[in-house]
Structures are given as C-alpha cells and as structure tokens.
Amino acid sequence: MLEKKIRCPSCDFVQTVNGEPGQTVKITCPSCNNVGAFQFPKDPSLHPSDDTSSAISVVELTKTFESVSAVDSATFHIKKGEIFGFLGPNGAGKTTTIKAILGLLYPDKGEIRINGTNIFTDEKKAKSQIGYLPEKVAFYDNLTALQNLMFYAEIKQVSKQCCQPLLNEFGLADAVDKKVGAFSKGMLQRLGMARAVMGDPSILILDEPSSGLDPRGVVFMREKIKHMQQRGATVLVSSHILGEIQEMCDRVCIINKGKIVAVDRIDNLGTRLHLRPKIVILLEKMTEKILKAVEKLKDVDHVETTGTLLEVNCLASAKANVILSVVKAGGNIMNLQIREPSLEDVFMRFTED
Amino acid sequence: MNISFLHHPIVLIAKKEIMDNIRNKWILLMTGIFAALTLLISYFGSLGQGWQDLGLTIAGMMALVQYLIPIIGLMLGYAAIVGEIERGSMSALLSFPLKRIEVLIGKFLGLGGVLSFSLLVGFGIAGIVISANVSEVDIGQYLIFLLASVLLGLVFVALSLLASSFFHNRSTAMGLAIFLWFFFTMIWGIIMLGVAMLSMDVETAFTSGFPDWYYAINIINPISAYGTLVSLNVGPVSSSFTEQAFSNPAFYSSELMATILFLWIAISLIIAYIFFKKRDI
C-alpha cells in the first residue's frame, strides 16, 4: 500500500491518500469539495520515497547541456548494501547522472542524497562517505603511485599508512615508486580502484571498473567489488559488460536517452518483458510426432526446427514438460541447452527505439 | 571534525603545488633568473663603473621586472584549474571531501607561494651581494621593492587562475593569459595615450601636469600601481611610458597603491571562484 500527500489546487488543503501501485484514486477535498484523481506510480522504486534505507537517492534529476537534455527527471533509490548496476547505451546519461551524484555537475532540477545527506548543501559530509572510480582514471603523472595515494589519503583525512598495503592489495607492489605517467591502462585502473576503496567508504561509485583490464584483472576487480559489498559497502557500477553486471548486481537501472526506463532485479525485468527461457535440443532424428507433442503443450510460446535441432520458447514452469514430451514421443536427445533470459535481452528490449 | 592547520585541504593543495614546482625545478629556475637579472643590472647597468647601489639597481630593474613578473605569474597558473579538468584529475579530486573554494585558494597560495619565494630569495640573494659591494645601503627601500614585487606577482597569479577557471581548455586559457599580459604591459599605455590626446591638450599637460582623473585611471592597471608604489618609496623609477616621471598627484600614496593591488587579487579570486563553482566538471 502506497501513501501520498495531495494538496488541493483550489484551497491548498493537504490530505493523505492511500492506494496500490498503478491504482487511480478519486479524491474529494474535505475542505472545498473540489474533485480530482491521482494515479499511483506502477513502479514505486522509480519514484521518491522517504526510505531511510537508501544509500543513494536520486529524485527528479534533470540536466540539460545547451538545450540538449542529458538526464530527464531521473529518479531511483539504491539500497544500503546492494550492488546496483547502472546501464545504458553510449550518451544515455549514465556519466552525467554519476557526476551529479558526486556533486561534480549541477543539475537544473532534482535532489540527490547520500545516506540522507544532500550532496549540494553538505557536500563534505556526503563526499566523505564515497569512493569514486571515474571512467577516465587520472592521477598526477609526475608523482609516483605511492605519492599519489598519500596525497589523496591526506585529503581524505585517513592514515597514510594505508597506502602501501593498498598498493600491495591491488597488485602494484612492484610499481610503488614508479611515476604514474609511465603506468599502463590496467595499472591505472588498479590504482584508481585502490584510491576509491581508500578509507573503507560506505558507498563505492565505479564507472567502467573493468575498462582496460585483462581477463584476469576483470575477475580480480569483480572479486574486489563483491568483497567490498561483504564488508557492508553499497556499490553503484556502471559498465557496458553486461555479463559482469548480471553476475554481480542485485538490481539494475537502465537509462535510455536521459530517462530511467527500468529499475529492478534482472529476473523481475525479464518477467515484466515476458522474456521466456529457450530450450535448445539436438535430436538424433526429428519426427512429426515430436513436433506435435511439444506444440500442444500448455505454456509453450514458440517452436522452431532446423534439421534435427529443436528450439522451444516456453514459461520457466514448462521446461521439464517440454523435455519429457520429447522423450515420450520417442526423441533421442543428443544434446540439451537451456538459455535463460539474459540481461542482454532485457537491455536490448528496454533500449530499443 | 576538527582538522589541524597542516592537514586542512587548503594547506594540502597549496603544499602539492609547491612540491610540484620544486620537483619540476621551476622554483629554482625562477629564483636563478631573478637573482641573475638583479646582479647583471646592478653591475653592468653603470656602464663599467662597478656595482650600483640598491636604489639605482631597482630603478634599472623596474622596466624589466614590470614585464617579467606578470608573464611568470600568468604562466604559472593558467593551467592550474583547466589543466586538471582536461586531464581528468579534477573530477577525482573533487569527489573527495573538499570544496571548490578550498581547491582554488589552495592553488593560489601554492602558486603564489612559489612565485613569492622565488622573488624573495632571488632578489634577496642579489641584494645581499650588492650590499656587500656598495657603501650606501638602504635596506628599507629594497624591502619595499621586494614586497611590492611579491604583490604584483600575486595579482597575476590570481588573474591566471581567473583565466583557468573561465575557459574550457588550456589553449584558450593560455590565450587569455597572454592577452592580459599584452593588455596591461602594452595596450594600456596606448589607451592612456589615446585618452590623453582626445581629452586634453597634451603639450600643456606635459608642462603643467595631467588632471587628477587621468592619474586615477592610470593606477587601475596593477603594473602602474606597482610602479607607483615603488617610485613613491624608492624614487622615480619608471622608464615605461605608462607612467610619467613627473611629480605624483597628491592623492597618490603607498597605502592606495597597495590597496589597489590587494583589490586586484581579491576581485580576481572572487570572479575565478564564481566561474569555478558553477562549472560542470
């Protein structure tokens, strides 16, 4: 049940109305008898709440660059302790949103709170809780890795003693005294992550954390992110590597052309889009009997054959029945694959024109 | 949270700027240039008659210093803000718990400190060498010259930060810095000459003196204010046509000139902050 305070446009009387997501409630003002209606949002997670469990709250964020709308009324809430994926095509508004969350750019409209603290009115308190890995990792090239980290440690008011262990932890023990100007992209990314986790921030904001890393580095980074979550941190990850997001994230937010188009768990998004698992069966021999047996099953959407390959789209609950029917109809299964709806399917559907 | 003075973000940013200039040897180079110039002018300025005293040395140096200090101040700071934004290090820095005003003031104090140190040590060493070789030494005059030079340097460091906060890339910030230098060292004099020619009988003005408003406009230029501040305390020193080597008007005072220089610093930094604060990083 949702609750909303409504102000009467005629007499300014404020009353509280209750309703379910998506429900339209008729309202009569008890003061002036003015009649109106209010529709509750279908997805409350997209709309403002007084939820104190939010690590990051973005409400009605709007930013325009020279009359081009970069972010348009974006609203989402990131729960404390979750890994939250932030996805969108290039130019969708991801980095703009992230920079606004960090107070690096000023929105035309909207409110951003970090653990309840407004980033624009108490920026020091808000920022002291954040570790940030920018998309374009940059350091002071004329300083060594250790000198760079020590400078940031001083700025963050954490002990400089943490710098050497951090460099060791991120595989940069051999590059401690090397000038950062000579670092490879992968080394810079590791150093950037070391800077982000310095002082154990309660919120990590990571813009393309796997950028420039080799496969081993990608796995290492993913483990570090999960480790930070286990230590209680909330993580906002923006990445184009959807497999990585699918593996790590509790929920995802998809932004397209500046608008938030979805915020939910990946499986919920798949269900909402009616995405079905696909069963791919390689048979020794394809027969009419097998095809008919599968087609007549309840909850089967689509059946396709290519030679002895049978592809069936069905509800998750019908998967076992499909396989059983094939076997009962005399099918000899040589190979079997079940492809669950992926984040890629979800992403493509939500971002298509 | 109480932060000790040495760990205040302004001090940390200033310290980093100073350390950067120590590492890249800029501070050493500038100190060497200031010391060498002073010694050369003092020794060779007398056309083979040996060391000149400090007053004559200052007079000889003024024409050069009025060009040199502004350009060094502008070159020190024009990339301080915009360079970091372009490189990407500013977004990382500002994601830490510090305010933009602290970054700006820290950079001003750091870069201003570097230039001030170079001026004080460079001119200071030269002053000691000259003092050891001449009979009459007026340390007071030389100290005023040193402090006035530091103030002029700080004005142009503040102006360079204004250019750096205003523009979105280094090259245009450098363009403005060079324009400011041209404007205050060259164009200003031409404008003042034009104003004189259009508004008065210049021949009469040269004999009977310029009106007060003309002198008042002239000292808006920080270089003119600096030259006047030195000339009020050391004697007629200017060889630039932006100032007249005539008697100064009654309202000219050291306090006024120092105030003008301080105002330039304050106003430049306030405008720089307004631009920097509004800027999307």
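Residues numbered from 1 in each chain as written. Chains lettered and ligands numbered in written order. Predicted model: local features only at pLDDT ≥ 70, side-chain atom pairs only at ≥ 80, totals over all residues.

Engineer: Explain the overall build of chain A here, please?
Structural biologist: Helices and strands together make up the secondary structure of chain A, namely 11 helices and 18 strands. Contacts in chain A between residues at least 24 apart in sequence constitute 62% of all its contacts with a sequence separation of at least 6. (Helix = DSSP H or I, 4+ residues; strand = E, 2+ residues; numbered from the N terminus. Contact = placed C-beta atoms within 7 Å.)

Engineer: What is the right way to read the overall build of chain B from this model?
Structural biologist: Helix and strand counts for chain B stand at 12 helices and zero strands. Starting at the N terminus and ending at the C terminus, chain B contains elements arranged as α-α-α-α-α-α-α-α-α-α-α-α. For 281 residues, the compact-globule estimate of 2.2 N^0.38 gives 19 Å, and chain B sits close to it at 20 Å. Principal axes of the C-alpha set define a box for chain B whose edges measure 60 × 50 × 35 Å. (Rg over C-alpha atoms; globule rule 2.2 N^0.38 Å.)

Engineer: Help me understand the interface of chain A and chain B, please; the structure alone is not making it clear to me.
Structural biologist: Size of an interface: often given as the accessible area lost when the parts come together. On the side of chain B, 21 residues touch chain A, which itself brings 23 residues to the contact. At the level of secondary structure, the elements contributing two or more residues to the side of chain A that touches chain B comprise α2 (123-127), β10 (130-133) and α3 (145-155) of chain A. With four residues, α3(A) is the largest single contributor of residues to the side of chain A that touches chain B.

Engineer: Sorry, what's going on with the domain arrangement of chain A here?
Structural biologist: Each assigned domain of chain A is listed here: domain 1 (2-42), domain 2 (54-264) and domain 3 (275-351). One C-alpha centre belongs to domain 1 of chain A, the other to domain 2 of chain A; they are set 39 Å apart. (Domains from an automatic or database assignment.)

Engineer: How should the sheet that holds strand β18 (residues 333-339) of chain A be read in this particular structure?
Structural biologist: Backbone hydrogen bonds hold the strands of a sheet together, and the pairing may be parallel or antiparallel. Residues and elements named next belong to chain A. The strand order across the open sheet built from four strands is β16-β17-β15-β18, with neighbouring strands paired in antiparallel fashion. The two strands at the open ends of the sheet, each matched to only one other strand, are β16 (300-306) and β18. Taken over all neighbouring pairs, the strand axes of this sheet differ in orientation by 15° on average, direction set aside. The pairing of strand β15 (residues 278-283) with β18 spans six bridges and is classified as antiparallel. What sits directly across from K278, in β18, is R339. Its contacts with the sheet put helix α9 (residues 288-295) on β15, β16 and β17 (309-314), and the angle it makes with β16 is roughly 160°. (Pairing = 2+ DSSP bridges. Axes fitted to C-alpha atoms, helices over the stretch in contact; angles between N-to-C directions.)

Engineer: Whenever I open this one, the environment of I72(B) confuses me. Can you help?
Structural biologist: Residue and element names in this part refer to chain B. Among the structural elements, I72 can be located in helix α3 (residues 54-77). By C-beta crowding, I72 is classed as buried, having 22 other C-beta atoms within 10 Å. Those residues in contact with I72 that sit more than four places away from it in its chain are M30 and L115. (Buried ≥ 20, exposed ≤ 12 C-beta atoms within 10 Å, placed from the backbone.)

Engineer: Hey, could you run me through the packing of α3(B) against helix α11 (residues 222-234) of chain B in this one?
Structural biologist: Residues and elements named next belong to chain B. Between α3 and α11, whose axes approach to 11 Å, the crossing angle comes to 170°. Taken together, the axes of α3 and α11 lie roughly antiparallel to each other. Of the residues in α11, those in contact with G55, I58, M62, Q66 and P70 of α3 are I223, Y226, G227, V230 and V234. Split by residue class, the contact of α3 with α11 holds seven nonpolar, three polar and no charged. (Parallel < 35°, antiparallel > 145°, perpendicular 65-115°, else oblique. Nonpolar A, V, L, I, M, F, W, Y, C, P; charged D, E, K, R; others polar.)

Engineer: Where do I start with the confidence of the model for chain A in this structure?
Structural biologist: Any region with low pLDDT has predicted coordinates that should not be read closely. The pLDDT averaged across chain A works out to 89; a share of 94% of its residues lies at or above 70. Confidence drops under pLDDT 50 across residues 46-50 of chain A; counting only partners more than four residues distant or on other chains, this segment forms 11 contacts. (pLDDT = per-residue confidence, 0-100.)

Engineer: I tried to follow the sheet that holds strand β5 (residues 54-65) of chain A on my own but got confused; where do I start?
Structural biologist: Residues and elements named next belong to chain A. Ordered by their spatial adjacency, four strands build an open sheet running β6-β5-β8-β9, and the pairing between neighbours is antiparallel. Each end of this open sheet is capped by a strand with a single partner; those strands are β6 (68-79) and β9 (117-118). As defined by bridge partners, β5 adjoins β6 across eight bridges and the pair is classed as antiparallel. Directly across from L61, in β6, lies its bridge partner A74. Against the sheet, helix α1 (residues 94-101) contacts β5, β6 and β8 (109-114), and its axis sits at roughly 120° relative to β5.

Engineer: It is not clear to me how unusual backbone geometry should be interpreted in this structure. Could you clarify?
Structural biologist: Only a minority of non-glycine residues have a phi that is not negative, and only a minority of peptide bonds are not trans. All names here are of chain A. Positive phi values are uncommon outside glycine, yet E66 reaches one of about 45°. Structurally, E66 is set in the loop between β5 and β6. Backbone geometry at S73 places phi at a positive 50°, although glycine is not the residue there. Tracing the chain through its elements places S73 in strand β6. Judged by local crowding, S73 falls into the partly exposed class, with 15 C-beta atoms found within 10 Å.

Engineer: I keep staring at the nonpolar core and nothing clicks. Help me out?
Structural biologist: Note on soluble globular proteins: their nonpolar side chains tend to be buried together. One finds I205(A), V235(A), V237(A), C253(A), A158(B) and L161(B) to be the most contacted residues of the largest nonpolar core, which totals 159 residues. Each of two domains, domain 2 (54-264) and domain 3 (275-351) of chain A, supplies a minimum of three residues to this core. Not counting residues within four places of it along the chain, the set of residues in contact with V235(A) comprises I83(A), F84(A), L204(A), L206(A), I225(A), M228(A) and Q229(A). Formed by 11 residues, the second largest nonpolar core is a distinct cluster that contains I279(A), I281(A), I290(A) and V294(A). (Core = buried A, V, L, I, M, F, W, Y, C linked by C-beta atoms within 7 Å.)

Engineer: Can you help me understand α1(A) in this one?
Structural biologist: One turn of an α-helix holds 3.6 residues; hence residues three or four places apart share an orientation. All names here are of chain A. In terms of burial, α1 is a largely internal element, eight of the eight residues being buried. Taken together, the buried positions of α1 are occupied by K94, T95, T96, T97, I98, K99, A100 and I101. Trailing α1 by a residue or two, G103 shows a phi angle of about 75°, which is positive.

Engineer: How should the pairing of β17(A) be read in this particular structure?
Structural biologist: Residue and element names in this part refer to chain A. Of the two faces of β17, the one holding L310, V312 and C314 is buried and the one holding L309, E311 and N313 is not buried anywhere. As defined by bridge partners, β16 adjoins β17 across six bridges and the pair is classed as antiparallel. The residue bridging T306 from the neighbouring strand is L309, located in β17. Remark: two residues form the turn of the hairpin made by β16 and β17, two consecutive strands paired antiparallel; G307 in that turn has positive phi of roughly 65°.

Engineer: Just to check I follow, could you spell out the packing of helix α6 (residues 100-133) of chain B against helix α7 (residues 139-166) of chain B for this structure?
Structural biologist: Packed helix pairs are specified by the crossing angle of their axes together with the interaxial distance, meaning the distance between the axes. Residue and element names in this part refer to chain B. The N-to-C vectors of α6 and α7 enclose an angle of 150°; their axes lie 9 Å apart at closest approach. By the criterion of interaxial angle, the relationship of α6 to α7 is roughly antiparallel. Along this stretch, α6 crosses α7, giving a crossing that reads as right-handed. Judged by residue contacts, L104, K107, F108, L111, G112, L115, S116, L119, L120, F123 and G127 of α6 engage Y142, L146, S149, V150, G153, L154, V157, A158 and L161 from α7. Here the contact of α6 with α7 is composed, by residue class, of 14 nonpolar, five polar and one charged. (Left-handed = near helix turned anticlockwise from the far one by under 90°.)

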